[in-house]
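Coordinates in review
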Amino acid sequence: AQTVTQSQPEMSVQEAETVTLSCTYDTSESNYYLFWYKQPPSRQMILVIRQEAYKQQNATENRFSVNFQKAAKSFSLKISDSQLGDTAMYFCAFTAYQGGSEKLVFGKGMKLTVNP
Amino acid sequence: EPEVTQTPSHQVTQMGQEVILRCVPISNHLYFYWYRQILGQKVEFLVSFYNNEISEKSEIFDDQFSVERPDGSNFTLKIRSTKLEDSAMYFCASSRGNGRSNIQYFGAGTRLSVL
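This text gives an overview of the structure that appears in the document. (Residues numbered from 1 in each chain as written. Chains lettered and ligands numbered in written order. Predicted model: local features only at pLDDT ≥ 70, side-chain atom pairs only at ≥ 80, totals over all residues. Heavy atoms only, no water.)

This part is about the pairing of strand β6 (residues 46–52) of chain A. All names here are of chain A. The buried count for β6 comes to five of seven residues, which makes it a mostly enclosed element. Of the strand pairs in this sheet, strand β5 (residues 32–39) and β6 are connected by six bridges, and their pairing is antiparallel. Bridge pairing in β6 places Phe35 opposite Arg50. The hairpin formed by β5 and β6 contains six residues between the paired strands, and Ser42 there has a positive phi angle of roughly 60°. (Buried < 20%, exposed > 50% of the residue type's maximum accessible area, 1.4 Å probe, protein only. Helix = DSSP H or I, 4+ residues; strand = E, 2+ residues; numbered from the N terminus. Pairing = 2+ DSSP bridges.)

Printed below as a string of structure tokens:
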């Protein structure tokens, strides 16, 4: 069974600073995907970034980048130049590529607050 | 931008009653999912649906739960006889495909309160 662990329940950062959110996972699968989802207050979860496990290059999306360490089973999210709109719950998630429907396994989430 | 919509946003029901949670997935998506999040706990997978049938379900998804895609646009989750422990946020999600098309788009959720 796959598990995803987010050990930091809450963090805060000053606007314009950089923050790193940590995530570890456990799996015996070789083909899988990792995701970071963001959930602003009272809004739906939206995808921040996705990493394919077979790609060694770390994914980046504008101010968001990941540090994917496959051997260590670690998948951290770095947010550069934090903005007030980054305040949200952040969920790390995993799915194994199975060729059919691919359920997500989530971490418990981390509440990020960006302070002005 | 297309989005997944869920109704109602909040449902209050008495224990033992049946509830139907409704979702409208993104129109060209083929895979549909339900997840739930009990307050303070992880988001948990309930069921996935593809080609008009359940493709996978978790051990949570027992006989009191059922899913349906009645008309090609709606995707519903029915809980037949609600229990107090069914109180949770229920999220619907859809994806265009699997593999590289596996990004799941989520609705805002339905908060179910069982009294």
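Next comes the rest of the write-up.
With that settled, the discussion passes to the side chain of Ser58 of chain B. Turning to its location among the elements, Ser58 of chain B is positioned in the loop between β6 (53–57) and β7 (65–68). The contacts of Ser58 of chain B, once residues within four sequence positions are left out, are Phe45 and Leu46 of chain B. (Contact = heavy atoms within 4.5 Å.)

A separate point is the nonpolar core. It is characteristic of soluble globular proteins that their nonpolar side chains tend to be buried jointly. Core analysis: the biggest nonpolar cluster contains 28 residues, and Trp36, Leu77 and Tyr90 of chain A have the highest contact counts within it. For this core, the element with the most residues is strand β10 (residues 88–96) of chain A, which contributes five residues. Residue contacts for Leu77 of chain A: discarding those within four places in its chain leaves Val19, Thr20, Leu21, Trp36, Val48, Ile49, Phe64, Ser65, Val66 and Tyr90 of chain A. Formed by 23 residues, the second largest nonpolar core is a distinct cluster that contains Val19, Leu21, Trp34 and Cys92 of chain B. (Core = buried A, V, L, I, M, F, W, Y, C linked by side-chain atoms within 4.5 Å.)

This paragraph deals with the interface of chain B and chain A. Listed as interface residues are 25 residues of chain B and, on the opposing side, 24 residues of chain A. Across the interface of chain B and chain A, roughly 2100 Å² is buried in total on both sides, 50% from carbon and sulfur atoms. Its largest share of buried area at the contact with chain A, chain B owes to Lys42, Arg100 and Phe106 of chain B, together 26% of the area lost on that side. Close ionic contact of Glu56 of chain B with Lys103 of chain A constitutes a salt bridge, the shortest N to O distance being 3.2 Å. If you look at where chain B meets chain A, you find nine residue pairs in polar contact (both at pLDDT 80 or more). (Buried area = accessible area lost by both parts, 1.4 Å probe. Salt bridge = Lys/Arg side-chain N within 4 Å of Asp/Glu carboxyl O. Polar contact = N/O pair within 3.5 Å; in protein donor to acceptor, adjacent residues only side chain to side chain.)

This part covers the state of the cysteines. All names here are of chain A. Per the stated rule, a full pass over the model turns up two disulfides over all chains. Here Cys23 connects covalently by a disulfide to Cys92, the sulfurs 2.0 Å from one another. With the S-S dihedral at roughly -70°, the linkage between Cys23 and Cys92 falls on the left-handed side. A residue pair is termed long-range when its members are at least 10 positions apart, and Cys23 in the loop between β3 (19–21) and β4 (24–26) and Cys92 in strand β10 qualify at 69 residues. Across the pair, Cys92 and Cys23 agree in class, each one buried. (Disulfide = S-S within 2.5 Å.)

Turning our attention to the packing of aromatic side chains. What the rule picks out here adds up to 19 aromatic pairs over all chains. A ring pair is formed by Phe35 of chain A and Tyr37 of chain A, whose centres lie 6.0 Å apart and whose planes are at 35°; its orientation type is tilted. With respect to class, Phe35 of chain A is no different from Tyr37 of chain A; both count as buried. Relative to Tyr35 of chain B, the ring of Phe106 of chain A lies with its centre 5.7 Å away and its plane at 90°, an arrangement referred to as edge-to-face. One end of the pair, Phe106 of chain A, is in strand β11 (residues 105–106); the other, Tyr35 of chain B, is in strand β4 (residues 31–37), on a second chain. (Phe/Tyr/Trp six-rings, centres within 6.5 Å; stacked < 30°, edge-to-face > 60°.)

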